[in-house]
Amino acid sequence: MTLKQTPLYQMHLKYNGKIIDFGGWELPVQYEGMGIIKEHNMVREQAGLFDVSHMGEVFITGEKAEEYVQNLVCNDVKSMHDFQVMYSPMLYPSGGVVDDLLVYRYNQQKYLLVINAANVEKDFAWMQENLMAGVTAENVSGDYAQLALQGPKAQEILQKISDTDLESIKFFWFNPKVKIAGVECIVSRTGYTGEDGFEVYMKPAEAPLVWEAILEAGGEQVSPVGLGARDSLRFEAKLPLYGQEIDQDITPLEAGLGFFVKLDNDDFIGRAALLKQKEVGLKRKQVEFSMLGKGIPRVHYDVYKDGVCIGQVTTGLHAPTFKKPIGLALIDVKHSAPGTEIDIIIRDNAIKAVVGQGIFYKKKTRTNIK
Amino acid sequence: MNINENLLYTVEHEWISVEGNKGRIGISDYAQHHLGDIVYVELPEIEGSAAMGESIGVIESVKAVASMYSPVGGTVLEVNEELESAPELLNEDCYENWVAVIEISDPSEVDMLLDAKAYAAFCATLD
């Protein structure tokens with residue numbers, strides 16, 4: 001199989017990215033001379049620039065676009081305003097997750113859906129399968145490059161090369177016509193790190209120019225950040241990763257994403273299953289935990305209680321911000337109360353851990369811009 | 001890449017410095033560089049014994065979990081406990097910061113290891 005390259009591949013080589021195969025894409029896991037921990041801290045303290053061009057984009061247009069998107073996802077699309085962004089899982093009738101995505105509303109007849117790279121084909125097939133008359137779904141993934149500039153200095157840096165006052169873009173809103181370094185971009189105040197920041201979409205051919213302009217404008221306050229820190233940053237902020245915290249066999253209610261499920265809405269795919277799950281009660285639930293014994297929990301490690309397997313770790317890492325290992329696990333709801341001692345099975349040894357609450361990073365996103 | 005000329009190496013990127021029947025062991029610069037930021041070391045058990053090439057410890061970076069294999073068969077005499085609280089020392093200087101000292105059970109196994117020149121040639125064949 002030939003690996004795909006993003007329009008920024010040459011930039012990754014230029015900045016000495018350590019390239020890996022990430023779901024068929026050649027992307028940097030980290031950059032030489034930096035490394036995951038330094039890149040992670042850069043985003044928490046100043047700013048980091050990510051190439052996320054592998055993400056997929058689908059335009060939904062037509063008279064019934066709103067109705068269609070509302071049926072497709074479980075969050076409240078009908079309450080959105082023009083130029084607002086919304087996070088939502090997209091479900092199977094079983095309540096399991098097809099993918100999680102961002103919905104950008106241009107107007108009631110035009111939406112942009114941003115989906116995970118590894119799921120583009122599956123998602124687009126699902127969207128077409130559920131298509132209704134008066135709606136067109138167009139996979140435009142190849143027509144857009146995407147950068148994310150994240151961190152407390154993100155706005156200050158991006159402002160230097162923008163023609164628009166970025167303060168006018170509120171948290172989870174976007175502006176489809178911002179010139180960055182002279183290039184027309186879609187800019188949203190969104191991200192996957194728990195910090196303030198922006199996601200910027202542009203034509204692939206212009207991505208290297210924007211990338212370089214951001215690094216130049218940021219100087220010492222910004223550095224390129226690879227996939228390694230992208231994962232540790234999103235994890236610390238407790239943002240779910242498709243394939244780990246959520247997948248086709250895990251419902252958003254089990255994954256603790258109930259906030260993004262609006263069961264009061266008339267109908268959406270998966271609603272009946274979730275209503276039933278809520279009525280019967282959850283059998284398993286995502287929990288936070290910290291280690292009491294020594295060791296680092298990792299994805300898929302078993303979780304035990306009194307010698308019985310009660311679930312699995314969905315993500316575990318040495319959290320760079322806290323300088324200690326923490327984890328998320330999907331476990332039997334009976335043992336999910338904070339304070340419950342559990343065992344994480346690390347290389348056949350049962351290592352003590354404790355269910356926690358509020359032990360993850362407190363997001364610094366700017367939810368309060370007027 | 002930094003290869004210490006006075007050490008012997010394995011293809012799994014451990015080093016050993018042999019003095020009499022004792023061997024001081026650690027991981028190579030290639031290993032620490034490829035692992036990235038090292039955040040956890042599970043040290044070998046003192047008095048534990050291992051055959052040549054058997055796993056005696058674990059080294060974890062942010063992203064990866066790697067076994068450390070005993071370069072030759074032996075019994076663990078000492079471990080570098082400093083690595084428990086400061087695993088990043090392996091990134092800072094992987095030759096100064098050893099992992100364990102073992103008593104070598106069969107000195108003839110030492111002859112099977114790579115010298116610095118052979119190890120450098122081997123590393124050149126990788127990525």
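Quick caveat: nothing in here was measured; it's all calculated off a predicted structure.

### Digging into the pairing of strand 19 (residues 341–346) of chain A
Residue and element names in this part refer to chain A. Summarising the sheet, strand 16 (residues 302–305) and strand 19 pair through two bridges and their orientation is antiparallel. When the bridges of strand 19 are listed, Val303 appears paired with Ile344. Where strand 19 meets strand 20 (residues 349–356), six bridges bridge the pair, whose relative direction is antiparallel. Counted as the bridge partner of Glu341 is Val354 from strand 20. Connecting strand 19 to the next strand, strand 20, in antiparallel fashion are two residues, including Arg347 with a positive phi near 50 degrees.

### Examining the environment of Ile269(A)
All names here are of chain A. Examined against the element boundaries, Ile269 turns out to sit in the loop between helix 7 (227–236) and helix 8 (271–280). A relative accessible area of 11% places Ile269 in the buried class. In the structure, Ile269 is positioned 176 residues away from Pro93 in sequence and 5.3 Å away in space, judged by C-alpha atoms. Discounting chain neighbours no more than four positions away, the residues touching Ile269 are Asn71, Leu72, Leu91, Tyr92, Pro93, Trp126 and Asn130.

### With respect to the domain arrangement of chain A
Note: interface size is frequently given as the accessible area lost on complex formation between the parts. Residues and elements named next belong to chain A. Assigned domains of chain A: these are domain 1 (9–53 + 144–236), domain 2 (56–140) and domain 3 (283–370). Taken over C-alpha atoms, the centre of domain 1 sits 29 Å from the centre of domain 3. Between domain 1 and domain 3, a total of about 1600 Å² is buried, with carbon and sulfur atoms accounting for 63% of that surface. The largest contributions to the domain 1 side of the interface with domain 3 come from Phe171, Phe235 and Glu236, which together make up 43% of the buried area. For the pair domain 1 and domain 3, the interface holds one salt bridge.

### Comments concerning the packing of aromatic side chains
Counted under the stated rule, the structure contains 16 aromatic pairs over all chains. Seen from their ring centres, Tyr104(A) and Tyr201(A) are 5.6 Å apart, and the 85 degrees between their planes marks the pair as edge-to-face. Taken as a pair, Tyr104(A) in strand 7 (residues 97–107) and Tyr201(A) in strand 13 (residues 197–202) lie far apart in primary sequence, 97 residues in all. Here Tyr104(A) matches Tyr201(A) in class, with each residue buried. Taking the centre distance of 6.4 Å and the plane angle of 90 degrees together, the rings of Tyr9(B) and Tyr95(B) count as edge-to-face.

### Examining the interface of chain A and chain B
Contact residues are listed per partner, giving 16 residues for chain A and 14 residues for chain B. Between chain A and chain B the total buried area reaches about 1400 Å² when both faces are included, carbon and sulfur atoms providing 49% of it. On inspection of chain A and its partner chain B, the count reaches five salt bridges. Residue Arg347(A) pairs with Glu60(B) through a salt bridge whose shortest N-O separation is 3.0 Å.

### Section: the sheet that holds strand 18 (residues 324–332) of chain A
All names here are of chain A. Around the barrel, which closes on itself, the six strands sit in the order 15-18-17-16-19-20 with antiparallel pairing between neighbours. Sheet twist, expressed as the mean angle between neighbouring strand axes with direction ignored, is 45 degrees. One ladder, built from four bridges, connects strand 16 with strand 17 (residues 308–319); its direction is antiparallel. Counterpart to Tyr304 in the pairing with strand 17 is Cys309.

### Brief notes about the sheet that holds strand 1 (residues 8–9) of chain B
Residues and elements named next belong to chain B. Here we have six strands laid out as an open sheet, ordered 1-2-3-9-8-5, and antiparallel in their pairing. The outermost strands of the open sheet, each flanked by one partner alone, are strand 1 and strand 5 (49–50). The pairing of strand 8 (residues 74–79) with strand 9 (residues 100–104) spans five bridges and is classified as antiparallel. Opposite Glu78, over in strand 9, you have Val101 as the bridge partner.

### Focus: the pairing of strand 8 (residues 110–115) of chain A
Counting buried positions over the six residues of strand 8 of chain A gives five, a clear majority of the element. Where strand 7 of chain A folds back on strand 8 of chain A, the antiparallel hairpin that results is connected by two residues.

### Regarding the pattern of salt bridges
Per the stated rule, a full pass over the model turns up 18 salt bridges over all chains. The closest approach of N and O atoms between Lys63(B) and Asp231(A), which form a salt bridge, is 3.7 Å. One end of the pair, Lys63(B), is in the loop between strand 6 (55–61) and strand 7 (65–69); the other, Asp231(A), is in helix 7, on a second chain. Taking the relative accessible area as the measure of exposure, Lys63(B) reaches 44% and is therefore partly exposed. For Glu254(A), the salt bridge identified is with Arg284(A), shortest N-O distance 3.1 Å. Placement of Glu254(A) in the loop between helix 7 and helix 8 and of Arg284(A) in strand 15 (residues 284–291) is noted, with a sequence separation of 30 residues between them. Overall, Arg284(A) belongs to the partly exposed group, its relative accessible area being 28%. Ionic contacts of the salt-bridge type, sharing partners, join the residues Asp231(A), Arg234(A), Glu245(A) and Lys63(B) into one network.

Cut-offs applied
Residues numbered from 1 in each chain as written. Chains lettered and ligands numbered in written order. Predicted model: local features only at pLDDT ≥ 70, side-chain atom pairs only at ≥ 80, totals over all residues. Heavy atoms only, no water. Pairing = 2+ DSSP bridges. Helix = DSSP H or I, 4+ residues; strand = E, 2+ residues; numbered from the N terminus. Buried < 20%, exposed > 50% of the residue type's maximum accessible area, 1.4 Å probe, protein only. Contact = heavy atoms within 4.5 Å. Domains from an automatic or database assignment. Buried area = accessible area lost by both parts, 1.4 Å probe. Salt bridge = Lys/Arg side-chain N within 4 Å of Asp/Glu carboxyl O. Phe/Tyr/Trp six-rings, centres within 6.5 Å; stacked < 30°, edge-to-face > 60°. Axes fitted to C-alpha atoms, helices over the stretch in contact; angles between N-to-C directions.

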